Amino acid sequence: MKTGVVDDSGFMRLVLKKIISENTDLEFIWDASDGLEALEKNNSNPADIIISDMEMPKMDGLGLLKNLKENNVNAECIIISGQHESGAPKILEAIRLGAIGFVSKNDDTGQSNLDTMGKALNDLTKSIVKKVKFEKINKNIQKVKLKDDFAPSKVLVVAGSAGSLDPLSDVFNELGEPEVPVITAIHIPKKMENHLVKRLNQFAIQNKQKIEFGVFDSLQKGKVAIAPGGYNSVLKKTKLTEDKILLRSEDASNNEYGFTPSIDKLLESAAKFNIICDVILLSGLGEDGSKGCKTHSEKGGNILVQMPETAIASSMPIATLNSCHVKYCDTPRNLATKIKESWKINF
């Protein structure tokens, strides 16, 4: 895939070129020192993937991403930065706009580490290549038979990836105070979960609803547990906690699922303990969630999917629509309305 590089550091551009040259799926075509130069070069030589630094003069990575999306440029954008936690608001905004991933220039100690950055970039580009191949094969979406009502499950999972932050806010604004425990699993970088909680408190509670967002170690009615980034979240029960559903984080350094927190891993762990979930599946990249949704659909869970044509990244909704029986496919607000109505009837 044709790849462009944007960074104001000449050294970093050389490093990124080397990483690309060693990746058989990628072909380096141009580099730029800021967002404006990148737009000019991409206009004359369009890239499939643009790897961009966040902080740059003239136009930063966020400005570049906004311009690409506003002009419907068909390029996937990966944001890289040395400012991880301090740049959290910008990183989450990039995910909201549809950046397919974020890669830190630093390791877990906060020190610059080009090896870990290169590995993370290669893992991410593998997912992009897989997504492109998937979309070529799955151009036709199955027709969804809608049901007027359904019995809700005892747990709700709201999940998504690139482009899912606005839909996520729409869901909770419409949903109101949850009648069941809720888990939100959005693909985010490590240490972003508390920043996501802050964002949800700002944008997802506009009608004075009583919703508590947080990083919790167990599920409780009325609370929305945020699955931490950089780890896989799993549900568990023990003999001592049979009446309590625990939420635990597992190491994802050798992650077979791709992005974290993995939606499939979360749903598979729930099914293992016969915890049946309803799922609202939002905008996202790849196929994560499709296998888990299939499992819960077969066990009686209700799967609701954002309409692909309304999603910034449509491959995740399409994968789920094609993998299992979906009860409802609509806008995020309408999906939330459907869940809320089922709660009123049954609880």
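Right above here is the structure, for reference.
Model, not experiment: these values are computed from the prediction.

Q: Tell me about the sheet that holds strand S7 (residues 182-186), and please be specific about residues and values.
A: With respect to topology, seven strands assemble into an open sheet ordered S8-S9-S7-S6-S12-S13-S14, the strand pairing being parallel. For this open sheet the edge positions go to strand S8 (212-214) and strand S14 (328-330), each flanked by a neighbour on one side alone. Between one strand axis and the next, the sheet turns by 20 degrees as a mean value, whatever way the strands run. As defined by bridge partners, S7 adjoins strand S9 (residues 223-226) across three bridges and the pair is classed as parallel. Within S9, the position partnered with Thr 184 by the bridge is Ile 226. The strands that helix H6 (residues 165-175) touches are strand S6 (155-160), S7, S8, S9, strand S12 (277-281) and strand S13 (303-306); relative to S7, the one it contacts most, it runs at about 170 degrees.

Q: Describe the packing of helix H9 (residues 290-298) against helix H10 (residues 315-323), listing the residues and the values that go with them.
A: Where H9 contacts H10, the two axes come as close as 9 Å, and the packing angle between them is 35 degrees. Judged by the twist between their axes, the crossing of H9 over H10 is right-handed. Each of Ser 290, Cys 293 and Lys 294 in H9 lies in contact with H10, whose residues at this interface are Ala 319, Thr 320 and Ser 323. For the contact of H9 with H10, the per-class residue count stands at two nonpolar, three polar and one charged.

Q: Provide a residue-level description of the sheet that holds strand S3 (residues 49-53), including the pertinent values.
A: Read across the open sheet, the five strands follow the order S2-S1-S3-S4-S5; overall the sheet is parallel. At either end of the open sheet lies a strand with only one pairing partner, and these are strand S2 (27-32) and strand S5 (101-104). Between one strand and the next, the sheet's axes are offset by a mean angle of 20 degrees, whatever the strand orientation. One ladder, built from five bridges, connects S3 with strand S4 (residues 76-81); its direction is parallel. For Ile 49, the partnering residue across the bridge sits in S4 and is Glu 76. Docked against the sheet, helix H3 (residues 61-70) engages strand S1 (2-6), S3 and S4, running at close to 150 degrees with respect to S3.

Calculation notes
- Residues numbered from 1 in each chain as written.
- Predicted model: local features only at pLDDT ≥ 70, side-chain atom pairs only at ≥ 80, totals over all residues.
- Heavy atoms only, no water.
- Pairing = 2+ DSSP bridges.
- Helix = DSSP H or I, 4+ residues; strand = E, 2+ residues; numbered from the N terminus.
- Axes fitted to C-alpha atoms, helices over the stretch in contact; angles between N-to-C directions.
- Contact = heavy atoms within 4.5 Å.
- Left-handed = near helix turned anticlockwise from the far one by under 90°.
- Nonpolar A, V, L, I, M, F, W, Y, C, P; charged D, E, K, R; others polar.

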